[in-house]
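Read off the chains here:
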Amino acid sequence: MSTKRISRREALRAAGIVVGAGIAGVGPRPLVPSGLRQVVYAASPENPLRIGFQVHRTGIGAVYGRWWERTAAAAATYINEKGGMAGRPVRLVSEDDGTDPARGAIAVEKLTSEDKVDLIFGTLFSNVVIGSAPRAGELKIPYLVVSEGYHVASGKLNRYCFQPGITDVRAQLTAISSWIVNNLGKKITMIYPDYAFGYDHRDFWGKGAARLGATVQALIPIPPTETSFTKYFSRIPADTEVLYHVMVGPGVPTFVKELGEYFGSKRPHLFGFIDSLEGVDLASPGLEFLEGSHFWEAFPRYAGGYNTSFERTYRERLGVSASGASARDPKDVSTYSHMFGVWETLFVIKQTVEQSGYKRPGPKDYKAFIETLERFQGFSEGVGHPQGPKKFVGRIHQAFGQQFISRVDTKRLTVVHKTKVEDSLYPPEADYTKQPL
Amino acid sequence: MRGDHRSAIVAIHAALIAALVCLQVVVPPFHHMLLARIMVLAAYAIGYNLLLGYTGLMSLGHAMFFAAGMYGAGLPLFYLGVGAPEALLLGIAASLVLAVVIGALTLRTSGASFLIVTLMFAQVFYLSTLYFNRITLGDQGFVLAGHLPPISLGALRVTLSEPVVRYNLALATFAVCLGISLWLVGSPIGRVLVAIRENEDRTRMLGYNTFAYKLLALTISAAIAGFSGSVYAVITSYVGASFAAILYSIYPLVWTLLGGSGTALGPFVGTAVMTYTIETASRFTSSYLIVVGVILVALVMRFPSGIVGALRQRWVPWLP
């Protein structure tokens, strides 16, 4: 009988295999998914409509991406149960963009050239949208984003890019400015992140506030790497009536806590964008200071905030509880204010496919798809549009909808005002329909 | 020994370029564009390798030079409507000037200090791209599509958005950078750089101005990074602050170490292997970064001197 000593390298290799197998078995998703599923779908006699889903599974957008993906899956399931799109089942082909513009462009190329999807939708972060859009335009494939940024409506992208399922930041600010000025105060100080998302707020708020007779007392940009905020609070003018904040990211709870310590019981009115607290439980320790302050919401997180049968169906199909968290895990708080855009965009695709007679990828059917979508005037409220009715402006490829203002009331959000769709409109600055297809 | 194998060295590198020339007519569209990206990013890694692999200076700030090339080319294209050739030259010039100024300061340090100081300068550059957002458009960046007029070559008008033009522009970039790298490491200057890597004090004692040589290495390395950055902007039609972030300083380090630090072909092999590992793994699992991490760890454990480095150690000791 021979004996063999196991070397350290062999032991490490074996351990690597065991760990790898373990990861495969217990990972958040099975290790087989998209690649093999695509083969099955391609061979399916159902002739499915393959929709590319560009999603932030990794990188700083992953919190949103997780809920974006759940929403897309729920919408696709619902649509398939009701007969699909033009009688064809929908199949989502997902591709992670890593929340990175470079990888986002690769995802567009991969979905188009390798996976041969019919069209692409989904992505959120502005830089990924802007980095990916040129490739979508060059590959001449419809690219429908759910990102809120003003980049689509501004005309800086191309004719293949649309944002039909969610309003942009400029529209949101246009809609809510007058409520803030009339109800909270006219002397406003803005605290915002020192990057593009914050600049949209800075630029469009300033213009809106001036027209309403308000003044922006001070602009306080916070660098994205900042972890402590107290040093910025001394720059808030003493006569500030409204402190407008739109902080994003993991530093938000610290920001609120330090804000509370700085002001104590005497503070100006606080108004924030819910982006600051998306995915965050309002009952989290340190957020008590927000009690009585106001937030903008695109879609109310707490059940009853917009009490329609469509909203209830949407919430139920997503598996979201009355407090806006996963029904299976109360600690898993959703990005409820924004993710309806994913659901609604899939229904816009359904409507456009059915009205344009779209059959397969190619210049002729894409032309019909794009021109049909550009002709839409809006979308009626319904299961496919639970957030409310939308106006769609074809020349800027942008949807406009109603907005909500909520107050923090005993550690939850209570809607106190709903704007009209028309409140969010602004004069278009571009016209994509003049670009050649 | 290398002198005896000059023909073989030329043949191997020429064969790679020839293979890349031929590949463009057989690969599917996705891989066509992916290969173009790999070649430009490999050129970036080649520049990085001149500093790390041949001079022994580990920088964590090279994204600054890559992005300087991007903005140096992209801003004049976007705002001034210059032509693409002029824009590429301006991109190289921007990174070159930046390298001379930053190098004069950072090269007063060495080792871990050099790494930290370059990281700090790169962070300043990154935050500046955000701070001057009215010009750079911050983290959102800007699109160059529509700002790239065709280039006239005699009677021929070359449109940069054509896949074949992009591929060959990327190939030319890679070939030029590989050629510069090969020439430099085989030249007396390259020998001095290797001597600095092995023992800077002894090199100085022999009479060489090691500071000047290190500054030269950094400048050439940064110019190559800027060249690749400007080409990357042109072929992808996008310029944004994320390319100045630390991730794009870590990438060339990983590509170089994986392919083989101090080898001429290592940066290309490392860039290609890592890119295709990510692409392949992401087809089968959404947890692809874990798979990529495990594979990279296994490769580094198996080949501590990188893939090409291991080839050189075992079979072809004359490989540059």
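Residues numbered from 1 in each chain as written. Chains lettered and ligands numbered in written order. Predicted model: local features only at pLDDT ≥ 70, side-chain atom pairs only at ≥ 80, totals over all residues. Heavy atoms only, no water.

Take the interface of chain B and chain A next. With 39 residues of chain B at the contact, the number on the chain A side is 44 residues. Across the interface of chain B and chain A, roughly 3500 Å² is buried in total on both sides, 53% from carbon and sulfur atoms. When the buried area of chain B at its contact with chain A is split by residue, Phe30(B), Gln140(B) and Ser286(B) rank highest and sum to 18% of it. Inspection of the chain B/chain A interface yields 5 salt bridges. In this structure, the salt-bridge partner of Glu138(A) is Arg166(B), at a minimum N-O distance of 2.5 Å. Here chain B is connected to chain A by 11 residue pairs in polar contact (both at pLDDT 80 or more). Sorting the residues of the side of chain B that touches chain A by element identifies helix 2 (29-52), helix 5 (111-131), helix 6 (133-136), helix 10 (210-236), helix 11 (247-259), helix 12 (266-284) and helix 13 (288-302) of chain B as the ones contributing at least two each. Of all the elements, helix 2 of chain B adds the most residues to the side of chain B that touches chain A, at 6 residues. Classifying every residue of the side of chain B that touches chain A by side-chain character gives 20 nonpolar, 12 polar and 7 charged. (Contact = heavy atoms within 4.5 Å. Buried area = accessible area lost by both parts, 1.4 Å probe. Salt bridge = Lys/Arg side-chain N within 4 Å of Asp/Glu carboxyl O. Polar contact = N/O pair within 3.5 Å; in protein donor to acceptor, adjacent residues only side chain to side chain. Helix = DSSP H or I, 4+ residues; strand = E, 2+ residues; numbered from the N terminus. Nonpolar A, V, L, I, M, F, W, Y, C, P; charged D, E, K, R; others polar.)

Attention now goes to the sheet that holds strand 12 (residues 390-393) of chain A. All names here are of chain A. One open sheet accounts for 3 strands, arranged 11-12-13; its pairing is antiparallel. This sheet does not close on itself; its edge strands, each paired only once, are strand 11 (378-379) and strand 13 (398-401). Alignment of strand 11 against strand 12, held across 2 bridges, turns out to be antiparallel. Note that in strand 12 the partner of Gly 378 across the bridge is Lys 391. (Pairing = 2+ DSSP bridges.)

Residues and elements named next belong to chain B. Taking 1.5 Å per residue, 23 residues should reach 33 Å; helix 4 (residues 84-106) reaches 32 Å between its end C-alpha atoms and fits that length. Those residues of helix 4 that sit buried are Ala 84, Ala 87, Leu 88, Gly 91, Ser 95, Ala 99, Ile 102, Gly 103 and Thr 106. The elements touched by buried residues of helix 4 are helix 3 (62-80), helix 5, strand 2 (151-153) and helix 10. (Expected span 1.5 Å × (residues − 1). Buried < 20%, exposed > 50% of the residue type's maximum accessible area, 1.4 Å probe, protein only.)

Here the focus is the confidence of the model for chain B. Residue and element names in this part refer to chain B. Considering every residue of chain B, the mean pLDDT works out to 92; 99% of them sit at 70 or more. No element of chain B has a lower mean pLDDT than strand 2, which averages 81, and none a higher one than helix 3, which averages 97. In the predicted assembly, ipTM is 0.88 and pTM is 0.87. (pLDDT = per-residue confidence, 0-100.)

On to the sheet that holds strand 2 (residues 90-96) of chain A. Strand order in the open sheet formed by 5 strands is 2-1-3-4-5 (chain A), with parallel pairing between adjacent strands. Every other strand in the sheet has two partners, leaving strand 2 and strand 5 (161-162) of chain A as the edge strands with one partner each.

Another aspect to go through is the packing of helix 7 (residues 169-183) of chain A against helix 8 (residues 196-211) of chain A. Residue and element names in this part refer to chain A. Packing of helix 7 against helix 8 leaves a shortest axis separation of 10 Å and a crossing angle of 50°. Between helix 7 and helix 8, the interaxial angle falls into the category oblique. Between helix 7 and helix 8 lies a crossing of right-handed hand. Every residue of helix 8 that contacts helix 7 at Val 169, Arg 170, Leu 173, Ser 177, Ile 180 and Val 181 is listed here: Phe 197, Asp 200, His 201, Phe 204 and Trp 205. Classifying every residue of the contact of helix 7 with helix 8 by side-chain character gives 7 nonpolar, 2 polar and 2 charged. (Axes fitted to C-alpha atoms, helices over the stretch in contact; angles between N-to-C directions. Parallel < 35°, antiparallel > 145°, perpendicular 65-115°, else oblique. Left-handed = near helix turned anticlockwise from the far one by under 90°.)

So, on to the pattern of salt bridges. One pass over the full model with this rule turns up 29 salt bridges over all chains. Residue Arg37(B) is joined to Glu109(A) by a salt bridge in which the shortest nitrogen-to-oxygen separation is 2.4 Å. Residue Arg37(B) is located in helix 2, and its partner Glu109(A) is located in helix 4 (residues 101-114); the two belong to separate chains. Each of the two residues, Arg37(B) as well as Glu109(A), counts as buried.

What follows deals with the side chain of Ser221(B). Residues and elements named next belong to chain B. Structurally, the position occupied by Ser 221 is in helix 10. Relative accessible area serves as the criterion here: at 0%, Ser 221 is assigned to the buried category. Among residues more than four places away in sequence, those in contact with Ser 221 are Gly 47, Tyr 48, Leu 51 and His 62.

All right, on to the nonpolar core then. Of all hydrophobic cores here, the largest spans 230 residues; its most connected members are Ile51(A), Phe121(A), Phe271(A), Leu346(A) and Phe174(B). Ranked by the residues each element gives to this core, the list is headed by helix 2 of chain B, at 15 residues. Beyond its immediate stretch of four places on either side in the chain, Phe174(B) contacts Leu16(B), Ile17(B), Leu20(B), Met39(B), Ala42(B), Ala43(B), Ile46(B) and Phe268(B). (Core = buried A, V, L, I, M, F, W, Y, C linked by side-chain atoms within 4.5 Å.)

With that out of the way, let us pick up a nonpolar patch on the surface. On the surface, a cluster of nonpolar side chains totalling about 590 Å² of accessible area is made up of Tyr79(B), Leu80(B), Tyr131(B), Phe132(B) and Ile135(B). With respect to the helices, strands and loops of the structure, Ile135(B) is situated in helix 6. (Patch = residues over 30% accessible without salt bridge, like charges linked within 9 Å, V, L, I, M, F, W, Y side chains within 5 Å. Areas by Shrake-Rupley, 256 points an atom, 1.4 Å probe, with all protein chains shown as cover.)

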